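Topology and contacts: notes
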Number of protein chains: 2
Amino acid sequence: MNSQKDKIINVTKTFLPSLSEYQSTIKTAWNNEWLTNRGELVLELEEKLKSYLDISNIIITNNGTIPLQIALKLFGGNGEIITTPFSYVASSATIVWENCTPIFVDIDPQYLTIDESKIEKAITSKTTAILATHVFGNPCNIVAIEAIAKKHSLKVIYDAAHCFGVKFNNKSIFEYGDVSTCSFHATKIFHTAEGGAMFTNDLEIQHKLFYSHNFGHNGPLEFHGLGINGKISELQAAMGLTILPHMDKIITERKKVVEFYNNKLDFSKVKDLKIRENTLWNFSYYPLIFDSEKQLLQVQKELNDHNIFPRRYFYPSLNTIEYMKGSKMPISESVASRIMCLPLYVGLKLEELEKIVLLINSNL
Amino acid sequence: MNSQKDKIINVTKTFLPSLSEYQSTIKTAWNNEWLTNRGELVLELEEKLKSYLDISNIIITNNGTIPLQIALKLFGGNGEIITTPFSYVASSATIVWENCTPIFVDIDPQYLTIDESKIEKAITSKTTAILATHVFGNPCNIVAIEAIAKKHSLKVIYDAAHCFGVKFNNKSIFEYGDVSTCSFHATKIFHTAEGGAMFTNDLEIQHKLFYSHNFGHNGPLEFHGLGINGKISELQAAMGLTILPHMDKIITERKKVVEFYNNKLDFSKVKDLKIRENTLWNFSYYPLIFDSEKQLLQVQKELNDHNIFPRRYFYPSLNTIEYMKGSKMPISESVASRIMCLPLYVGLKLEELEKIVLLINSNL
């Protein structure tokens, strides 16, 4: 989208299969004369994702936000939702949008996920659910959260937007929680341009998620209950089907970039993300935590001056957004002011990586 | 989606441009390496639609439901929304979804739009807005509704899902109301597989609609306010751009079908839709109103037996859906039980139309 795109390095770059591969995949939609409402390509993608991810259930949706909205509609009951301030805005905005109240709980300074030891203190009689984010594909303390939820009869929604391909304790991360959600946005490892998915292992919840994403329909003339439009088109499903065969290459190339950063960055002066134990991670983001915001801004300026654009992600800490009306979250606010995601995508060249690392290390 | 598709006549059939036209349009996305977040194709489609529809503003969205949700979030204030029971379920489901209460007002038996003479009696201190549907592209009594809204300081949202290309008093129907919405679903005259749009002439509302459909963003690090994800992908925008040059043909061919039905059906025994005065209609649907549900079911059975599948649309009257908790709406319930939309799409053959009319007329 700019005239110097070959010279600019952004934090991410959409993975594109070859145009001809995509053009070939969409022929099915023309053959069927069928473009949406769960056509052959959506159904095929669901089956292939179940197999690839080794999961039992999936409902593909038009983006990664609708699944959060639907889960909150089912579980939120206009109550208080315990959540993390360190996430993309969607995870808290959907809580407010769905007429619930976000109750922020600060994060663990190393894993960057919600601090499970602080959750119970935040529970009140109005609490209905916990909405926690597996930040940068790094799992929350699932075991502890599950125990707390069980003890207090709360539902657990995991915003697993970043988690395509992540496993925890040898199981897909999407198998955890009452509902897990994922994003298939163009910036994600696997994508459908815009898209997402919701997952559950509970058949009754699955039924409700399903009808909720299709206007509540029970056939053309009857309704199971309330619903909206969470349907994804065949045009988007075709993108997913075209990308899926490239996943091994995508993961391998991203892993190389991550390992380069791991080996070359000067970790005496900055910190990286601590991945939780028993996790098979997906190399989705490379966040770097600086000593101070001043240091971050200096490095950012230096990189920008060389046409390199990392992203301050996540910033700001969500509790500080005015309409969220959140309490102070010292750790999240501190981390948010000092964290930046480095360029990480398929096709980054060795000399580009060397330049990035040199510019960072020499400005610490 | 079936093995006998050449023999089956459904109520509608998605208009498909040639595969090669679409394959050519999407090259832009590959050239830009850009698949969503308002890329070149979305912006181009918005400009072309402004010109085609002769309107000043448009925001294209991922479907036709999100604009209703956003408008209700801006205007609803968890209050009572006066609405029509004769519409697709989305128009009332979004009211409930957005934590407002639908207050149904019965319809005019000829125009099938909300009966403006009954609106004022339904207004209470909790009323915040009127959400009215231009049913089958047939305008509501816009002049009367505007006067009522002004008198009572209510906002007006028009569900104009069916109204692509409709003009009222020589102006695009989308120019009326505080917000109008449209659907670009695959079954619509103009479509983007899944898609929609929202329209307003008020710059402040335009600003709010815009940020609401993109997570409230004011740049990457700040927020204007609350928002969700209403973004449409380049893959969908490309479909719209590919179809737009065919609009004259689409309208012309649909008009021929409508005129055939108008000339051949036995209107001594059934009624058609009365189009409002000063309306340039778009030939979007061909609803037929029978004397009784029994008669409708008999005709439907006869048509089905010949592989012809009209659609009971709209059925049921929305006030009768359990979760809507609606009062009795005698006219809407009566019409809903007796109305059926006939096959209407580009490519219907003369012999198919003759067969449909013969089967209907001979079963009245």
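Under an unreviewed UniProt entry, the name given to chain A is DegT/DnrJ/EryC1/StrS family aminotransferase, and the organism recorded is Flavobacterium chungbukense. In the Sequence similarities (unreviewed entry) part of its UniProt record, chain A is described as follows: "Belongs to the DegT/DnrJ/EryC1 family."

Residues and elements named next belong to chain A. Because side chains alternate across strand S10 (residues 196-199), one face comprises the buried residues Gly 196 and Met 198, and the other comprises Ala 197 and Phe 199, equally buried. Direction of pairing for strand S2 (residues 59-61) relative to S10: antiparallel, over a ladder of three bridges. Bridge pairing links Thr 61 to Gly 196 in S10. Taken together, the four bridges between strand S9 (residues 179-183) and S10 define a ladder with antiparallel strand orientation. Note that in S10 the partner of Ser 183 across the bridge is Gly 196.

Before going further, it helps to spend a moment on the sheet that holds strand S13 (residues 287-289) of chain A. Pairing between the strands of a sheet comes from backbone hydrogen bonds, and it takes one of two forms, parallel or antiparallel. All names here are of chain A. If you trace the three strands from one edge of the open sheet to the other, you get S11-S13-S15, paired in antiparallel fashion. The two strands at the open ends of the sheet, each matched to only one other strand, are strand S11 (271-272) and strand S15 (339-341). Of the strand pairs in this sheet, S11 and S13 are connected by two bridges, and their pairing is antiparallel. Paired with Lys 271 across the two strands is Ile 289, which belongs to S13.

All names here are of chain B. By the criterion of burial, helix H4 (residues 66-75) is predominantly enclosed, with eight of the 10 residues buried. Of all the positions in H4, only Ile 66, Pro 67, Leu 68, Gln 69, Ile 70, Ala 71, Leu 72 and Phe 75 are classed as buried. Gly 77 sits one or two residues past H4 and shows a positive phi near 50°.

For any two helices packed against each other, the geometry comes down to the angle between their axes and how far apart the axes lie. Residue and element names in this part refer to chain A. With their axes 9 Å apart at the nearest point, helix H11 (residues 293-305) and helix H13 (residues 350-361) run at an angle of 145° to one another. As H11 runs across H13, the sense of the crossing is right-handed. Along the contact surface, H11 presents Val 299, Glu 302 and Leu 303, while H13 presents Ile 356, Leu 359 and Ile 360.

Attention now moves to the pattern of salt bridges. Tallying each qualifying case throughout the model produces 24 salt bridges over all chains. A salt bridge links Glu33(A) to Lys13(B), with the shortest nitrogen-to-oxygen separation between them at 3.8 Å. Remark: Lys13(B) occurs in the loop between strand S1 (9-10) and helix H1 (19-25) and Glu33(A) occurs in the loop between helix H2 (27-32) and helix H3 (40-53); the pair is interchain, linking two chains. Under the relative-accessibility criterion, Glu33(A) is labelled partly exposed at 32%. Residue classification places Lys13(B) among the partly exposed residues on the basis of a relative accessible area of 39%. Glu46(A) is paired through a salt bridge with Arg38(A); the nearest N and O atoms lie 2.8 Å apart. Its relative accessible area of 5% is what places Glu46(A) among the buried residues.

Attention shifts here to the packing of aromatic side chains. Counting across every chain of the model gives 34 aromatic pairs over all chains. With a centroid separation of 5.2 Å and 10° between ring planes, the pair formed by Phe136(A) and Phe314(A) is classed as stacked. You can see Phe136(A) sitting in the loop between strand S5 (127-133) and helix H7 (142-152) and its partner Phe314(A) sitting in the loop between strand S14 (308-309) and helix H12 (330-338), a full 178 residues away along the chain. The class for Phe314(A) is buried, based on a relative accessible area of 3%. Relative to Phe190(B), the ring of Phe184(B) lies with its centre 5.0 Å away and its plane at 90°, an arrangement referred to as edge-to-face.

A few words on the packing of H4(B) against helix H5 (residues 90-97) of chain B. All names here are of chain B. Taken N-terminus to C-terminus, the directions of H4 and H5 make an angle of 40°; their axes are 9 Å apart at the nearest point. Here H5 runs oblique to H4, going by the angle between their axes. Our pair here, H4 against H5, has a crossing hand that is right-handed. Residues Leu 68, Gln 69 and Leu 72 of H4 pack against Ala 90, Ser 91, Thr 94, Ile 95 and Trp 97 of H5.

Each side of the interface is counted separately: chain A has 63 residues, and chain B has 63 residues. When chain A packs against chain B, close to 5,800 Å² is buried across both sides, 68% of that on carbon and sulfur atoms. At the surface where chain A touches chain B, the tally comes to four salt bridges. Residue Glu194(B) pairs with Lys231(A) through a salt bridge whose shortest N-O separation is 3.4 Å. Residue assignment for the side of chain A that touches chain B shows that the elements contributing at least two residues are helix H1 (19-25), H2, helix H4 (66-75), helix H5 (90-97) and helix H9 (234-243) of chain A. At five residues, the largest contribution of residues to the side of chain A that touches chain B is made by H2(A). Class assignment for the residues of the side of chain A that touches chain B results in 31 nonpolar, 22 polar and 10 charged.

A few words on the nonpolar core. Counting residues in hydrophobic clusters, the biggest one holds 118 residues, and the most contacted among them are Tyr22(A), Leu49(A), Tyr22(B) and Leu49(B). Excluding residues within four positions of it along the chain, Tyr22(B) makes contact with Tyr22(A), Ile26(A), Trp30(A), Leu235(A), Leu235(B), Ala238(B), Met239(B) and Thr242(B).

On to the relation of the copies chain A and chain B, then. Mapping chain A onto chain B calls for a rotation angle of 180° and an axial translation of 0.0 Å; the resulting RMSD is 0.0 Å. In short, the pair behaves as if placed about a two-fold rotation axis. Here 100% of the interface residues in chain A have copies in chain B that are interface residues too; the copies meet face to matching face.

Turning our eyes to something else, we now look at the environment of Leu154(A). Residue and element names in this part refer to chain A. Locating Leu 154 in the fold gives a position in the loop between H7 and strand S6 (155-159). Along the backbone, Leu 154 and His 217 are 63 residues apart, and their C-alpha atoms lie at a distance of 28 Å. With sequence-adjacent residues up to four places away left out, Leu 154 is seen in contact with Ile 123, Thr 127, Thr 128, Ala 129, Ile 130, Ala 149 and Asp 178.

Per-residue confidence for chain A gives a mean pLDDT of 97, with 98% of residues at or over 70. Among the prediction metrics, the complex's ipTM stands at 0.96, with pTM recorded as 0.97.

Residues and elements named next belong to chain A. Here chain A is described as being made up of domain 1 (19-244) and domain 2 (246-361). Domain 1 puts 44 residues into the contact, and the matching count from domain 2 is 39 residues. With both chains or domains summed, domain 1 and domain 2 bury close to 3,600 Å², and 63% of this area falls on carbon and sulfur atoms. Summed over the three residues of domain 1 that lose the most area to domain 2, namely Tyr 111, Phe 136 and Ile 189, the buried surface amounts to 22% of that side. Along the contact surface separating domain 1 from domain 2 lie zero salt bridges. Along the contact surface separating domain 1 from domain 2 lie 21 residue pairs in polar contact (both at pLDDT 80 or more). Taken together, the elements giving at least two residues each to the side of domain 1 that touches domain 2 come down to H5, strand S4 (101-104), strand S7 (167-168) and H9. Ranked by the residues each element gives to the side of domain 1 that touches domain 2, the list is headed by H5, at four residues.

Cut-offs used in this document
The residue numbers shown here count from 1 along each chain, following its written sequence. Starting at A for chains and at 1 for ligands, labels are handed out in the order in which the entities are written. With the structure being a predicted model, the display of local features is reserved for residues of pLDDT at least 70 and the display and counting of side-chain atom pairs for 80 or more, all residues being used for whole-chain, interface and lining totals. Remark: hydrogens and water are excluded; side-chain values derive from all non-hydrogen atoms of the structure. UniProt positions are given in the numbering used here, feature names are shortened, and annotations may be inferred rather than shown by experiment. Buried residues are those whose accessible area, probed at 1.4 Å on protein chains only, stays under 20% of the maximum for their type, while exposed residues exceed 50% and partly exposed ones sit between those limits. Strands here mean DSSP runs of E at least two residues long; helices mean DSSP runs of H or I at least four residues long; both are numbered from the N terminus. We treat two strands as partners when DSSP finds at least two bridges between them. A fitted line through C-alpha atoms serves as each axis, taken over the contacting stretch for helices, and the angle formed by two N-to-C directions is quoted from 0 to 180°. By definition, turning the near helix anticlockwise from the far helix through less than a right angle yields a left-handed crossing, and turning it clockwise yields a right-handed one. A contact between two residues is defined here by any heavy atoms of the two lying within 4.5 Å. Counted as salt bridges are all cases of a side-chain nitrogen of Lys or Arg within 4 Å of a carboxyl oxygen of Asp or Glu. Working definition: a ring pair exists when centres of Phe, Tyr or Trp rings (six-membered ring for Trp) sit within 6.5 Å. Plane angles under 30 degrees give stacked, over 60 give edge-to-face, the rest tilted. Small angles under 35 degrees read as roughly parallel and large ones over 145 as roughly antiparallel, with 65 to 115 read as roughly perpendicular and the rest as oblique. What gets called buried area is simply the loss in accessible area from a 1.4 Å probe that two parts show on being joined, summed for both. Residues are grouped as follows: Ala, Val, Leu, Ile, Met, Phe, Trp, Tyr, Cys and Pro are nonpolar; Asp, Glu, Lys and Arg are charged; every other residue, Gly included, is polar. Here, nonpolar core means buried Ala, Val, Leu, Ile, Met, Phe, Trp, Tyr and Cys residues that are tied together by side-chain atoms lying within 4.5 Å of each other. In superposing the copies, a least-squares fit is computed on C-alpha atoms, taking residues whose pLDDT is at least 70 in both. By definition, pLDDT measures how confident the predictor is in each residue, and it falls between 0 and 100. Domain delimitation in this document rests on an assignment produced automatically or drawn from a domain database. Polar contact is defined as a pair of N or O atoms within 3.5 Å, subject to the rule that within protein one atom must be able to donate a hydrogen and the other to accept it, and that residues adjacent in sequence are counted only when both atoms are side-chain atoms.

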